[in-house]
Number of protein chains: 2
Amino acid sequence: MSNKIRAGIVGYGNLGRGVELALKRNDDFTLKAIFTRRDPSLMNTESNMVHIDNILDYKNDIDVMILCGGSANDLPEQGPAIAAHFNTVDSFDNHSEIPNYFNTIDKIAKQSNKVSLFSIGWDPGLFSLNRLMAQAIIPDGKTYTFWGKGISQGHSEAIRRIDGVKDAVQYTIPLEEAMKEVRAGNNPDLKAEERHKRICYVVPYDLKDKDRIEREIKSMSGYFLGYDTTVYFITEEELIANHSNMAHGGFVIHSGKTDGVHNHVIEYSLTLDNNPQFTSSVLVAFARAAYRLALDNKKGAFSIFDIPLAYLSPKPREELRKTIL
Amino acid sequence: MSNKIRAGIVGYGNLGRGVELALKRNDDFTLKAIFTRRDPSLMNTESNMVHIDNILDYKNDIDVMILCGGSANDLPEQGPAIAAHFNTVDSFDNHSEIPNYFNTIDKIAKQSNKVSLFSIGWDPGLFSLNRLMAQAIIPDGKTYTFWGKGISQGHSEAIRRIDGVKDAVQYTIPLEEAMKEVRAGNNPDLKAEERHKRICYVVPYDLKDKDRIEREIKSMSGYFLGYDTTVYFITEEELIANHSNMAHGGFVIHSGKTDGVHNHVIEYSLTLDNNPQFTSSVLVAFARAAYRLALDNKKGAFSIFDIPLAYLSPKPREELRKTIL
């Protein structure tokens with residue numbers, strides 16, 4: 001007999017593979033099945049692969065489903081559908097759509113008596129929690145979020161949509177000078193484009209288009225316009241060889257005063273060798289919390305703001321008080 | 001009519017004065033009274049000063065008592081006594097005594113139907129929370145806590161107890177080299193004395209004792225023995241002029257791997273111009289949480305691990321999801 005938390009994974013891309021890996025390092029979990037839209041027999045893994053159409057066969061065998069689909073197309077459909085039958089945790093990261101997503105999932109999870117943790121990852125997620133705590137502690141202050149150095153999928157895709165571009169990768173890089181100002185407690189007014197620069201590696205179909213492509217990139221409003229943007233044209237081989245790693249990271253820095261004079265700087269930072277693997281590890285810790293909230297008979301949708309964080313740890317509270325507090 | 005949270009302060013030292021200040025910057029609070037063991041009529045403040053013997057007169061007028069006494073002598077007595085009648089928040093920081101303190105307060109607060117948040121500050125407190133989260137997310141890793149640069153009251157007092165010492169101040173300073181190793185993901189084994197050095201400023205009664213005093217400091221087990229310790233002898237005037245500031249800070253760095261190869265570094269750091277004022281600000285944010293937990297009909301003792309952090313913010317959850325998540 002096992003008292004392990006029985007987990008399922010929905011989606012087997014980078015995030016799903018990261019969760020499969022993370023579950024092996026958390027021995028209070030057991031992975032029951034990975035659900036995929038592809039042909040399960042063709043997947044190269046020792047885990048139990050199941051077609052997503054058969055997910056309800058596992059209704060009584062899985063304590064928490066870890067949703068590893070994308071926020072653009074997968075989660076808006078899968079989140080509500082699966083929350084109707086299972087406890088879930090997901091990394092929904094479309095910031096402007098969070099209120100709608102919450103409302104949908106919350107209603108369904110309350111009807112199904114399930115727990116759904118949404119927008120769990122590092123931003124939204126750990127960064128959000130640090131923004132909230134810092135602002136509550138030092139209200140007379142300002143919070144700055146810096147992202148990078150890391151590849152932005154959204155910006156890379158925006159470049160790929162330009163006529164004549166075969167492939168492209170875009171790095172978001174925080175500006176050292178801006179971070180220095182913030183850390184010094186100077187509380188500068190800084191828009192996103194004053195906190196970051198952008199470096200693009202572009203594979204053109206034809207090098208004769210490169211001036212036009214560079215102009216189109218730099219004038220793209222909402223993505224590059226206003227930013228310090230550098231464009232390098234490289235070969236496809238170079239792109240694959242040098243720009244396939246998934247390192248990322250960032251900083252949340254809050255700076256403010258307690259008495260108009262004394263300044264305080266609160267900083268949270270992540271330096272990640274592999275962005276999806278780290279997000280997967282966050283998802284697994286919060287899957288533990290989802291399971292425990294369900295044991296407490298909670299129901300509905302919960303963000304990282306709504307959860308006692310003791311629930312993330314496999315250790316009993318008594319041990320946490322004794323060894324970590 | 002006011003719907004403000006009615007706060008009381010117990011103790012009017014650096015921490016109590018910091019809370020008085022912080023409450024002014026959080027306009028959902030109103031300060032009803034400051035309780036002191038000294039003669040209230042002699043206190044230099046516009047706040048309502050009340051002798052601590054009359055604290056029960058305020059039983060129906062105060063939603064949460066913010067306990068600002070010391071952990072050595074005040075809190076072990078005041079914590080239980082006041083939790084019997086009021087919701088409380090305190091910064092009990094005697095790590096080895098936390099389990100006992102919790103057991104005492106938890107029993108009393110459950111009997112009185114009150115909420116007591118204990119060990120709220122930055123360590124224990126914010127640092128503890130970051131240790132817990134990081135370890136839950138990346139279990140295959142190591143956590144390092146660095147303190148400083150800042151004055152350690154415990155170490156300063158240890159020096160003052162040496163024969164021939166008139167006054168003294170001790171700075172705990174994190175070792176840059178150790179931090180660099182940790183941030184690089186090398187996961188070195190480092191004892192506290194391999195992470196910090198100690199610098200002491202000592203005012204001797206008689207300069208002829210200085211060699212003996214220095215020897216006694218450096219050989220003090222549990223405090224200085226094994227540490228890189230530097231001792232400077234200075235005058236009382238110099239001590240007051242140059243070593244009265246209350247800056248402090250520190251770092252919690254967790255580093256570990258997701259797949260045996262890819263490393264991730266999670267870092268939380270504080271740079272504080274005024275240690276007690278910052279701790280006071282943490283106490284006030286958690287006083288808000290104590291009040292809300294009480295509205296939820298919770299009772300007993302809670303650590304920072306047990307509280308949904310949305311409760312720290314004056315903003316409604318809907319706004320938090322929309323603007324901070």
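Before reading further, recall that the structure is shown in the block above.
The present account deals with the structure reproduced in this document. Along every chain, residues carry numbers that run from 1 in the direction the sequence is written. All chains are assigned letters beginning at A, and all ligands numbers beginning at 1, according to the order in which they are written. With the structure being a predicted model, the display of local features is reserved for residues of pLDDT at least 70 and the display and counting of side-chain atom pairs for 80 or more, all residues being used for whole-chain, interface and lining totals. Calculated side-chain values reflect all of the structure's heavy atoms, with hydrogen atoms and water omitted.

## Focus on the overall build of chain A
Here's step 1: For the purposes of this entry, the term helix denotes a DSSP run of H or I that reaches at least four residues, the term strand denotes a run of E that reaches at least two, and both are numbered from the N terminus. Tallying secondary structure elements over chain A gives 11 helices and 14 strands in all.
Here's step 2: C-alpha atoms of chain A, sized along the principal axes, occupy 65 × 60 × 35 Å.
Here's step 3: In this analysis, two residues are considered to be in contact whenever any of their non-hydrogen atoms come within 4.5 Å of each other. For chain A, restricting intrachain contacts to residue pairs at least 6 apart in sequence, the fraction spanning at least 24 positions comes to 68%.
Here's step 4: The Shrake-Rupley method, run with a 1.4 Å probe sphere, supplies the accessible areas, and residue values consider only the shown protein chains as cover. Per element, the accessible surface of chain A, about 14100 Å² overall, is 46% carbon and sulfur.
Here's step 5: Note on charges: Lys and Arg go in the positive column, Asp and Glu in the negative column, and His and the chain ends are not counted at all. Charge coordinates come from a single atom per side chain, which is NZ of Lys, CZ of Arg, CG of Asp or CD of Glu. Distance from the positive charge centre (38 side chains) to the negative charge centre (42 side chains) of chain A: 4 Å.

## Describing the relation of the copies chain A and chain B
Here's step 1: Taken as rigid bodies, chain A and chain B are interconverted by a rotation of 180 degrees and an axial shift of 0.0 Å, the fit giving an RMSD of 0.1 Å. With respect to symmetry, the two chain copies, as superposed, fit the operation of a two-fold axis.
Here's step 2: A symmetric contact is evident, with 100% of the interface residues of chain A recurring at the interface of chain B. Copy-to-copy alignment: least squares on C-alpha atoms, limited to residues at pLDDT 70 or above in both.

## As for the packing of helix α2 (residues 75-83) of chain B against helix α3 (residues 98-112) of chain B
Residue and element names in this part refer to chain B.
Here's step 1: Orientation is described by axes fitted as lines to C-alpha atoms, over the contacting stretch for helices, and by angles from 0 to 180 degrees between their N-to-C directions. Following both chains from N to C, one finds α2 and α3 inclined at 20 degrees, their axes separated by 8 Å at the closest point. Classified by the angle their axes make, α2 and α3 are roughly parallel. The crossing of α2 and α3 is right-handed. Contacts from L75, P76, G79, P80 and A83 of α2 reach α3 at Y101, T104, I105, I108, A109 and S112.
Here's step 2: Each residue is assigned to one class: nonpolar for Ala, Val, Leu, Ile, Met, Phe, Trp, Tyr, Cys and Pro, charged for Asp, Glu, Lys and Arg, and polar for all the others, Gly among them. Across the contact of α2 with α3, the residue classes break down as 8 nonpolar, 3 polar and no charged. Note that the term roughly parallel is reserved for angles under 35 degrees, roughly antiparallel for angles over 145, roughly perpendicular for angles of 65 to 115, and oblique for everything else. Left-handed describes a crossing whose near helix is turned anticlockwise from the far helix through less than a right angle; right-handed describes the clockwise counterpart.

## Details of the environment of B:L75
Residue and element names in this part refer to chain B.
Here's step 1: Note that L75 resides in helix α2.
Here's step 2: Burial here depends on accessible area, computed with a 1.4 Å probe over protein chains only, as a share of the maximum for the residue type. Under 20% is buried, over 50% is exposed, and the range in between is partly exposed. Residue classification places L75 among the buried positions, given a relative accessible area of 0%.
Here's step 3: Separated by 26 residues in sequence, L75 and Y101 place their C-alpha atoms 9.1 Å apart.
Here's step 4: Aside from chain neighbours lying at most four places away, what touches L75 is L67, G69, G70, P80, D90, S91, F92 and Y101.

## Focus on the side chain of A:S71
Residue and element names in this part refer to chain A.
Here's step 1: Mapped onto the elements of the fold, S71 is located in the loop between β4 (64-67) and α2 (75-83).
Here's step 2: Think of a polar contact as two N or O atoms within 3.5 Å of one another; within protein, one of them needs to be a possible hydrogen donor and the other a possible acceptor, and neighboring residues in sequence only count if both atoms come from side chains. Side chain to side chain, S71 and D93 meet in a polar contact 2.7 Å long.
Here's step 3: Sequence-distant contacts of S71, that is, excluding residues within four places in its chain, are made with P76, S91, F92, D93 and N94.

## Overview of the pairing of strand β10 (residues 196-204) of chain A
All names here are of chain A.
Here's step 1: Within β10, 8 of the 9 residues are buried, which leaves it mostly tucked inside the rest of the structure.
Here's step 2: Bridge count for strand β9 (residues 165-174) against β10 is 9 bridges, and the pairing is antiparallel. Bridge pairing in β10 places V169 opposite Y201.
Here's step 3: As defined by bridge partners, β10 adjoins strand β11 (residues 228-233) across 6 bridges and the pair is classed as parallel. Looking at the pairing, V202 lines up with F233 of β11. Should DSSP find at least two bridges between two strands, the strands are regarded as paired.

## Things to note about the pattern of salt bridges
Here's step 1: Here, a salt bridge means any Lys or Arg side-chain nitrogen found within 4 Å of an Asp or Glu carboxyl oxygen. In total, this model carries 32 salt bridges over all chains according to the counting rule given.
Here's step 2: One salt bridge in this structure joins B:D189 and B:K142, with 2.3 Å as the shortest N-O distance. With B:D189 in the loop between α6 (176-183) and α7 (192-195) and B:K142 in strand β7 (residues 141-147), this residue pair connects regions lying 47 residues apart in the sequence.
Here's step 3: Assessed through its relative accessible area of 27%, B:K142 is described here as partly exposed.
Here's step 4: As a salt-bridge pair, B:K166 and B:E236 come within 2.8 Å of each other at their nearest N and O atoms. With a gap of 70 residues between them, B:K166 in strand β9 (residues 165-174) and B:E236 in helix α9 (residues 236-242) connect regions that are remote in the sequence.
Here's step 5: Looking at B:K166, the relative accessible area reads 39%, which means it is partly exposed.
Here's step 6: Through salt bridges that share partners, A:D206, A:K208, A:D209, A:R212 and A:E216 make up one connected network.

## Remarks on the sheet that holds strand β4 (residues 64-67) of chain B
Residues and elements named next belong to chain B.
Here's step 1: Strand order in the open sheet formed by 7 strands is β3-β2-β1-β4-β5-β6-β14, and the pairing between neighbours is parallel. With one partner strand each, in any of the chains shown, β3 (49-51) and β14 (300-302) form the two edges of the open sheet. Between one strand axis and the next, the sheet turns through 25 degrees on average, direction left out of account.
Here's step 2: Of the pairings in the sheet, the one linking β4 to strand β5 (residues 88-90) comprises 3 bridges and is parallel in character. Paired with L67 across the two strands is D90, which belongs to β5.

## Some thoughts on the nonpolar core
Here's step 1: Among buried residues, those of type Ala, Val, Leu, Ile, Met, Phe, Trp, Tyr and Cys that are joined through side-chain atoms within 4.5 Å constitute a nonpolar core. Ranked by size, the top nonpolar core spans 152 residues in total, and within it A:L117 and B:L117 carry the most contacts.
Here's step 2: Residues in contact with B:L117, not counting those within four places in the same chain, are B:T88, B:V89, B:D90, B:F286, B:A289, B:A290, B:L293, B:F302 and B:I307.

## A look at the packing of aromatic side chains
Here's step 1: Pairing of aromatic rings covers Phe, Tyr and Trp, the last counted by its six-membered ring, and requires centre-to-centre distances within 6.5 Å; plane angles under 30 degrees mean stacked, over 60 mean edge-to-face, and any other angle means tilted. Under the definition given, this model contains 14 aromatic pairs over all chains.
Here's step 2: With centroids separated by 5.3 Å and ring planes inclined at 20 degrees, the aromatic side chains of B:Y201 and B:Y232 adopt a geometry described as stacked. Taken together, the positions of B:Y201 in strand β10 (residues 196-204) and B:Y232 in strand β11 (residues 228-233) put the pair 31 residues apart, joining distant regions of the chain.
Here's step 3: Through a chain of ring-to-ring contacts, the aromatic side chains of A:W122, A:F127 and A:Y268 assemble into a single cluster.
Here's step 4: A ring has a charge above it when a Lys NZ or an Arg CZ is no more than 6 Å from the ring centre and no more than 35 degrees off the ring normal. The cationic tip of B:R198 hangs over the ring face of B:Y227; the distance from NZ or CZ to the ring centre is 4.2 Å.

## Quick notes on the environment of A:D61
Here's step 1: Assignment of secondary structure puts A:D61 in the loop between β3 (49-51) and β4.
Here's step 2: Those residues in contact with A:D61 that lie beyond four places of it in its chain are A:R6 and A:K32.

## Details of the interface of chain A and chain B
Quite often, the size of an interface is put as the accessible area lost when its parts meet.
Here's step 1: Chain A puts 66 residues into the contact, and the matching count from chain B is 66 residues.
Here's step 2: By buried area we mean how much accessible surface two parts lose on assembly, using a 1.4 Å probe and totalling the loss over both. Carbon and sulfur atoms make up 63% of the area that chain A and chain B hide from each other, which totals about 5600 Å².
Here's step 3: On the chain A side of the interface with chain B, the three residues burying the most area are A:R25, A:R321 and A:L325, jointly 14% of the side's total.
Here's step 4: The salt bridge partner of A:D306 is B:R317, with a shortest N-O separation of 2.5 Å.
Here's step 5: The interface formed by chain A and chain B contains 27 residue pairs in polar contact (both at pLDDT 80 or more).
Here's step 6: Among the elements of the structure, α3 (98-112), α4 (126-137), β13 (263-272), α10 (275-295) and α11 (317-323) of chain A are those that each provide at least two residues to the side of chain A that touches chain B.
Here's step 7: Class assignment of the residues belonging to the side of chain A that touches chain B gives a composition of 33 nonpolar, 18 polar and 15 charged.
Here's step 8: With 9 bridges connecting them, β13(A) and strand β13 (residues 263-272) of chain B associate as antiparallel partners.

## Thoughts on the layout of surface pockets
Residues and elements named next belong to chain B.
Here's step 1: Here a cavity is any set of points on a 1 Å grid over the protein atoms alone where a 1.4 Å probe fits but cannot get out, and a pocket is any open set with protein on both sides within 12 Å along at least 5 of 7 lines; a residue lines the site when it has an atom within 4 Å of a point. Grid points are joined across faces, edges and corners, and a volume is the space filled by probe spheres set on the points. Empty space within the second largest pocket amounts to approximately 1500 Å³.
Here's step 2: The wall of the second largest pocket is formed by 44 residues, among which D93, I151, Q153, G154 and N275 lie closest to the centre.
Here's step 3: For the lining of the second largest pocket, the elements supplying multiple residues, two or more each, are α1 (14-24), β8 (150-151), α5 (153-160), β9, β10, α9 and α10 (275-295).
Here's step 4: A per-class count over the lining of the second largest pocket returns 17 nonpolar, 21 polar and 6 charged.

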